[in-house]
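Residues per chain, in single letters:
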Amino acid sequence: MSKTALLVVDVQNDFCPGGALAVPGADEIIAPINELMERFDLVIATLDFHPPGHCSFITSDPPGPWPEHCVQDTFGAELHEDLNNEAIDHFVCKGTALDVDSYSAFFDNDHVTETGLARHLREQGVEHVYVVGLALDYCVKFTALDARAEGFEVTVIADATRAVNVTPGDDERAIEEMRAADITIS
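Calculation notes
Residues numbered from 1 in each chain as written. Predicted model: local features only at pLDDT ≥ 70, side-chain atom pairs only at ≥ 80, totals over all residues. Heavy atoms only, no water. Axes fitted to C-alpha atoms, helices over the stretch in contact; angles between N-to-C directions. Helix = DSSP H or I, 4+ residues; strand = E, 2+ residues; numbered from the N terminus. Parallel < 35°, antiparallel > 145°, perpendicular 65-115°, else oblique. Contact = heavy atoms within 4.5 Å. Nonpolar A, V, L, I, M, F, W, Y, C, P; charged D, E, K, R; others polar. Polar contact = N/O pair within 3.5 Å; in protein donor to acceptor, adjacent residues only side chain to side chain.

(A) Spotlight on the packing of helix α3 (residues 136-149) against helix α4 (residues 170-180). With their axes 10 Å apart at the nearest point, α3 and α4 run at an angle of 5 degrees to one another. Comparing their axes, α4 and α3 come out roughly parallel. Every residue of α4 that contacts α3 at L136, D137, Y138, K141, A144 and L145 is listed here: D170, D171, A174, I175, E177 and M178. Looking at the contact of α3 with α4 residue by residue, the class counts come to seven nonpolar, no polar and five charged.

Encoded structure:
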């Protein structure tokens, strides 16, 4: 019998209010995610986990697109304290290489380096993944797209995500892109 997994993407201090790269409304999704955790066979949390001087930082040379965030072993990289960490069965750290970013929980952005998540899900008998977390228009989207490309059924629970919306409408465009890839948006 196949299992379901909840992928909780990057609900970390630096993406929540007061963080270095705060996503508007990020704290509003924590309680719904905690409730969802009880419904799944497997709960996996991802962590943006950058080394100091990471290529995605505006302070790097050449400059990346983002302020310094989720630096390894800092408060900003920790999961938000209100997230039910005890319900998490497995953790995936991403963005750990100095010279390549990683929005997806499955691959670095170069699409060469794998995190091992697809293998882990298959070993656990998971066929359907549900994706929640931060941010809808970046890490949630790329995680969902890669999960679908890896052959999993994918549902993004929109009420348990929030978008950065660097450009207004990025959230809507992300949803359209995911639907076009046969991902269910609920």
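Let's pick the thread back up.
(B) Representation of the environment of H128. Relative to the assigned elements, H128 resides in strand β4 (residues 126-134). Sequence-wise, H128 and A5 are 123 residues apart; in three dimensions their C-alpha atoms are separated by 6.6 Å. Dropping the residues within four chain positions of it, H128 is found in contact with K3, T4, A5, E153, V154 and T155. A distance of 2.8 Å separates polar atoms of two side chains, one belonging to H128 and the other to T155.

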